[in-house]
Every structure is written in C-alpha cells, then in structure tokens.
Amino acid sequence: MLVTGGAGFIGSHLVERLLDRGDEVLVADNFYSGMRSNVHHLLRNPAFELIRHDVTFPLYVEVDEIFHLACPASPVYYQRDPVQTTKTSVHGSINMLGLAKRTGAKILLTSTSEVYGDPDVHPQPEDYWGHVNPIGIRSCYDEGKRCAETLFFDYRRQHDLPIKVARLFNTYGPRMRPDDGRVISNFIMLALRGDPITIYGDGRQTRSFCFVDDMVRGLLTLMDSDPSFTGPVNLGNTGEFTMLELAELVLDLTGSTSAIVHEPLPQDDPVRRRPDISLAKEALRWEPATALAEGLTRTIEHFRESADT
Ligand code: NAD
Ligand code: UDP
Ligand code: UDP
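Residues numbered from 1 in each chain as written. Chains lettered and ligands numbered in written order. Predicted model: local features only at pLDDT ≥ 70, side-chain atom pairs only at ≥ 80, totals over all residues. Heavy atoms only, no water.

With that settled, the discussion passes to the overall build of the chain. Within the chain one finds nine helices and 13 strands. By the compact-globule yardstick of 19 Å for 309 residues, the chain fits well, its C-alpha radius of gyration being 19 Å. With the principal axes as the frame, the chain shows a C-alpha extent of 55 × 45 × 40 Å. The buried share of the chain, reckoned over its 309 residues, is 56%. Within the chain, counting contacts between residues at least 6 apart in sequence, those at least 24 apart form 80% of the total. Taken together, the 31 basic and 43 acidic charged side chains of the chain have centroids lying 3 Å from each other. (Helix = DSSP H or I, 4+ residues; strand = E, 2+ residues; numbered from the N terminus. Rg over C-alpha atoms; globule rule 2.2 N^0.38 Å. Buried < 20%, exposed > 50% of the residue type's maximum accessible area, 1.4 Å probe, protein only. Contact = heavy atoms within 4.5 Å. Lys, Arg positive; Asp, Glu negative; His and termini not counted. Charge placed at Lys NZ, Arg CZ, Asp CG, Glu CD.)

Counting across every chain of the model gives six aromatic pairs. Lying over the aromatic face of Phe 31, Arg 36 brings its terminal NZ or CZ to 5.1 Å of the ring centre. Above the plane of the ring of Tyr 77 lies Arg 80, whose end atom (NZ or CZ) is 4.8 Å from the centre. (Phe/Tyr/Trp six-rings, centres within 6.5 Å; stacked < 30°, edge-to-face > 60°. Lys NZ or Arg CZ within 6 Å of the ring centre and 35° of its normal.)

A word on the site of ligand 1. Close to ligand 1 lie 31 residues, the nearest being Asp 29, Ser 33, Leu 69, Tyr 141 and Arg 182. Within the backbone of Val 55, one N or O atom sits 2.9 Å away from a nitrogen atom of ligand 1. The separation between a nitrogen atom of ligand 1 and a polar side-chain atom of Thr 88 is 3.0 Å. Protein coverage of the free-state accessible area of ligand 1, which is 820 Å², stands at 97%. The element contributing the most residues to the shell around ligand 1 is strand β5 (residues 106-112), with three residues. The residue makeup of the shell around ligand 1, split by class, is 14 nonpolar, 13 polar and four charged. (Near = heavy atom within 4 Å. Polar contact = N/O pair within 3.5 Å; in protein donor to acceptor, adjacent residues only side chain to side chain. Areas by Shrake-Rupley, 256 points an atom, 1.4 Å probe, with all protein chains shown as cover. Nonpolar A, V, L, I, M, F, W, Y, C, P; charged D, E, K, R; others polar.)

The next point concerns helix α6 (residues 212-223). If you check α6, its first and last C-alpha atoms are 17 Å apart, about what 12 residues at 1.5 Å a residue would give, namely 16 Å. Of all 12 residues in α6, nine are buried, a share of seventy percent or more. Of the positions making up α6, those classed as buried are Val 212, Asp 214, Met 215, Val 216, Gly 218, Leu 219, Leu 220, Leu 222 and Met 223. (Expected span 1.5 Å × (residues − 1).)

On to unusual backbone geometry, then. The omega torsion across His 122 and Pro 123 is -10°, close enough to zero to call that bond cis. Within the fold, Pro 123 resides in the loop between β5 and α4 (139-159). If you check the backbone angles, Phe 31 has positive phi at about 60° while not being a glycine. The residue Phe 31 is located in the loop between β2 (25-29) and β3 (48-52) in this model.

Within the secondary structure, Ser 208 sits in the loop between β9 (206-207) and β10 (210-211). C-alpha separation for the pair Ser 208 and His 131, spaced 77 residues apart in sequence, amounts to 18 Å. For Ser 208, the side chain forms a polar contact with the main-chain oxygen of Gly 239, separated by 3.2 Å. Among the polar contacts made by the side chain of Ser 208, one reaches the main-chain carbonyl oxygen of Arg 273 at a distance of 2.9 Å.

A few words on the nonpolar core. Ranked by size, the top nonpolar core spans 56 residues in total, and within it Val 25, Phe 67 and Leu 246 carry the most contacts. Looking at which element gives the most residues to this core, the answer is α6, with seven residues. With residues near it in sequence (within four places) discarded, Phe 67 still touches Met 1, Leu 2, Val 3, Thr 4, Leu 14, Leu 18, Leu 108, Leu 219, Leu 220 and Met 223. Counting 25 residues, the second largest nonpolar core, distinct from the first, contains Ala 28, Leu 59, Val 90 and Leu 161. (Core = buried A, V, L, I, M, F, W, Y, C linked by side-chain atoms within 4.5 Å.)

What follows concerns the UniProt feature "domain: NAD-dependent epimerase/dehydratase" (unreviewed entry) in the chain. Under the UniProt annotation, the feature "domain: NAD-dependent epimerase/dehydratase" (unreviewed entry) is placed at residues 1-225. Structurally, residues 1-225 is divided into 36% helix and 18% strand, and its ends, taken at the C-alpha atoms, are 16 Å apart. (UniProt positions renumbered as here; feature names shortened; annotations may be inferred.)

In this section: helix α1 (residues 9-20). Taking 1.5 Å of rise per residue, the 12 residues of α1 would be expected to cover 16 Å, and the 17 Å separating its terminal C-alpha atoms lies within 8% of that figure. Among the 12 residues of α1, 10 are classified as buried, and the element is accordingly described as predominantly covered. Taken from the residues just after α1, Gly 22 is the one with a positive phi, measuring 100°.

This is the structure in structure tokens:
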C-alpha cells in the first residue's frame, strides 16, 4: 500500500490501521504540513517504509493500492503557498494516476466537502455541483481538488483505472497539529492555555465534525468496496454545530475559563456545511459512531499529553 501524505493527521491513523491488519505500507510525504513524529513509532516495523517525496514529482515504485492523501488541509497551511497547493492536487494527482496506470494499482482520492464551496443546497448530496469561487483565497484548495476529481474520472474513462473518490467533511482528532489553524485544534489549544477563544465572524456559521477513527474506517471500507463503486461519496458526521456551540463545548470539556473574542471572518468562509451521507450508508454500510463530545474529549487528552511531553 502506498499512502501519500501518510505523515499527516489522517494519514498516520490510516497507516496504523493498515499495518494492524497486516499490510505492507510505504508512506511518501514531503512533511509540508505533516510531521515525522506522527509515524516515528512505526519506523521499527519491518512492514513500514517512509520516504521524503513531493508528489508533484514523478514516483516510480511498485504498489497494489494507493491512498492519495497528500495535500495540506488546513486553510492556514494551504493558503501559505497557494501555487504549490494547486500543483500538489493537480500535478500530484497526475503523477499518482500515472503510477496507478503503470502498476495496475487501485487508487483512492481524499477529496473534500470544499468541492461544494459555500453551498446553496443543504445538506450537501454528492450530485450537488457546488458553489465555488474560482479566484478567491480558498480556490487553490477547492479548485485543486475539483480538478483532481476530474483527473480521477478521466483516467477511469480513458484508461479504465480502478478509482475511488471520497469527499471528506471536517475531520478532527489526536495528531492534528497544535498550530494547524483549524478550528478544533485552535479552540482546544486556546482553552488549555487560558487564552481567549477566537471566533471568526459572529460564530453562527456551521460545520459537521467527524472523529478520525470513523473517517479511517470509512476510507478503508471504500477502498475495499465493489469495483463498480467509484464514488464520489461523502464521508462525514451529520451532527451540525455553530462555532459558538463548539466554543462552549470545548470550554466545558476542558474546564477552561477562557473568554470568547470575535475576529474578522476570512474571505469566502462557507456559511453552512453538513453532509448527506445516504450514499455511504447504503453503498458502504458506513456511518460515524463517535459523538462530538466523546471525540473532543479524546482529542483534548491528546493535546494535554503532548503539552506535558
Ligand atoms: P495534513 O495536512 O495533516 O496531511 C496532509 C499530508 O500531506 C501532510 O503530511 C503533508 O506533509 C503531506 N503533503 C502535502 N503536500 C505534499 C506534497 N506535495 N507531496 C507529498 N506530501 C505532501 O491534513 P489531513 O487533515 O491529514 O488531510 C489528509 C487529506 O484529507 C488531504 O488530502 C485533505 O485534503 C483531505 N481532507 C481532510 C479534511 C480534514 O478535515 N482533515 C477534510 C477534507 C479533506
Ligand atoms: N508517473 C509516475 N510514476 C509512474 C508512472 C508515471 O510518477 O510509475 C508519472 C509520469 O511522470 C507522468 C504522469 O505520471 O508524467 C502521468 O502518467 P501517464 O502515463 O498518464 O502519462 P504520460 O506519461 O503519457 O504523460
Ligand atoms: N474558525 C474560527 N476560529 C478559529 C479557526 C476557525 O471561528 O480559530 C472558523 C472558520 O472561520 C470556519 C470554521 O471555524 O468558519 C471552520 O474552520 P476550519 O479552518 O477548521 O475549516 P474549514 O473552514 O476549512 O471548514
């Protein structure tokens, strides 16, 4: 198994599950937003191999399956070098699809709910084409992933490649970077430090948060699904929360007395987001099992432990 982006947050959990079930795993990662420490504990495992590689460059290895995750997911990281973000999604996907074509490997893309942009259909089903700004600050990520999906489906139509496309909604859990910039890691770090919780805008925008273990189970189920099932398929938790509700929950679970402050809302920040997961339930028999309070508790524990070490 090749896992691109395997030193990242979701990737490192996926790699653990693959090794647990007896697979041999090769991780290719350029450590742009991931960390070697996420997979450090696996380095002694003879079934595990790690290479520093940027997927925008060709990669010649022999593999049976490719989980193509490489791409920064946090707005702070993907907007830091937006041209590289587009290259990662577009050139990176071309290279991994070329690799899949040469080796005959099955290939799975972790696409995103961002393909729906700031949605005017709610909740979002897979057949909704989205409402995406092509020239804004989120476009490098959104349009990059949309083009990656196009490439996946064209390689299937043109070269008959076995593909799988998952559209992940906001995912959280242990091993998110404390400086990641995403809302859950920000709120937890601020609460634990006793610093003010930064809510962007009025805090009434919503997101749906999926715990990483549920997401990884979804990705594995999709990869092993019937060859005729390509997706795109939404993977996410259907619980929908405002950022104000999330802030209150984090304060409650951490026991923090941090104040709440409001900061300007970034450009093109989607107002509402919740997945319609009917397709995943029907085709994959998959649905999340972890409630937000439970997942947050486990994530808070992780951040507390990391701060101690
Ligand atoms: P992450 O930033 O922790 O992981 C991404 C990994 O890809 C990192 O290890 C990074 O170093 C690596 N990477 C980035 N550019 C690369 C390149 N050019 N070559 C090689 N490696 C590269 O993010 P994550 O949350 O683990 O996200 C994993 C995947 O899931 C991404 O494709 C992301 O778009 C997708 N996704 C995540 C979420 C979420 O909420 N976490 C939501 C939707 C989609
Ligand atoms: N590629 C790769 N590893 C491989 C095979 C191909 O990285 O094992 C890259 C190669 O650099 C190429 C891209 O994948 O540019 C697309 O390959 P494909 O065969 O589709 O296109 P072509 O080589 O005909 O341009
Ligand atoms: N957000 C916030 N405070 C923060 C970080 C993010 O209020 O410290 C908001 C952000 O504006 C967005 C939501 O939380 O409305 C989710 O942001 P995140 O960056 O986690 O993911 P995305 O916007 O890509 O869903």
